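Observations on the model geometry
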Amino acid sequence: MSLVEVLQSGNYHLIDVREPMELEMDGHIEAAQNIPLGELEDRKQEILNLSGFKIFFCRSGNRSGKAVDYFKSEGMTDVYNGGGYETMKETLESL
C-alpha cells in the first residue's frame with residue numbers, strides 16, 4: 001500500500017519523532033503522538049501495541065526513515081516513512 005492509501009484507510013497512527021522543542025517552534029499535527037527518535041527503543045512496546053499502520057515523520061524525513069528501518073529490523077511490516085512535517089501536513093490536508 002502507498003502512504004496515501006494507508007491514510008485513506010483511516011487505520012493508522014501518526015508518530016512524530018522530532019524533539020518536543022521542535023514541535024513548539026515549527027508546529028505539530030494534532031492527531032500525532034510525539035515520541036522522539038531517541039526514545040523509540042525504550043518505548044518500543046508502546047508502539048508495538050498500537051493497532052493499524054504506524055506512520056513516522058520528522059522535520060525532513062531522515063529521522064523517520066531511521067525509525068522505519070529500526071522497526072523493520074524488529075520484524076514489523078506495517079510501518080511507513082511519512083517524510084517531513086510540512087509534507088505530512090500537506091498530504092493530510094489534501095485528503
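What counts as what
- Residues numbered from 1 in each chain as written.
- Predicted model: local features only at pLDDT ≥ 70, side-chain atom pairs only at ≥ 80, totals over all residues.
- Heavy atoms only, no water.
- Pairing = 2+ DSSP bridges.
- Helix = DSSP H or I, 4+ residues; strand = E, 2+ residues; numbered from the N terminus.
- Contact = heavy atoms within 4.5 Å.
- Axes fitted to C-alpha atoms, helices over the stretch in contact; angles between N-to-C directions.
- Phe/Tyr/Trp six-rings, centres within 6.5 Å; stacked < 30°, edge-to-face > 60°.
- Buried < 20%, exposed > 50% of the residue type's maximum accessible area, 1.4 Å probe, protein only.
- Lys NZ or Arg CZ within 6 Å of the ring centre and 35° of its normal.

Pairing within the open sheet is parallel, and its four strands lie in the order β2-β1-β3-β4. If you trace the sheet from one side to the other, it starts and ends with β2 (33-34) and β4 (79-84), each paired once. Contacting β1 (12-16), β3 (53-58) and β4, helix α5 (residues 85-94) runs over the sheet at an angle of about 105 degrees to β4.

Our focus in this paragraph is the packing of aromatic side chains. Each aromatic ring pair is summarised here by two numbers: the centre-to-centre distance and the angle between the ring planes. Under the defined criterion, the tally for this structure stands at three aromatic pairs. Plain terms: the ring middles of F56 and F71 are 5.4 Å apart, the flat faces sit at 10 degrees to each other, and that makes the pair stacked. With F56 in strand β3 and F71 in helix α4 (residues 62-73), this residue pair connects regions lying 15 residues apart in the sequence. The exposure class of F56 is buried, given its relative accessible area of 0%. Residue F71 is classed as buried on the basis of its relative accessible area of 0%. Centre to centre, the rings of Y70 and F71 are 4.9 Å apart; their planes meet at 75 degrees, and the pair counts as edge-to-face. What links up through ring pairs into an aromatic cluster is the set F56, Y70 and F71. Positioned above the aromatic ring of Y85 is the side chain of R18, whose terminal nitrogen or guanidinium carbon lies 4.4 Å from the ring centre.

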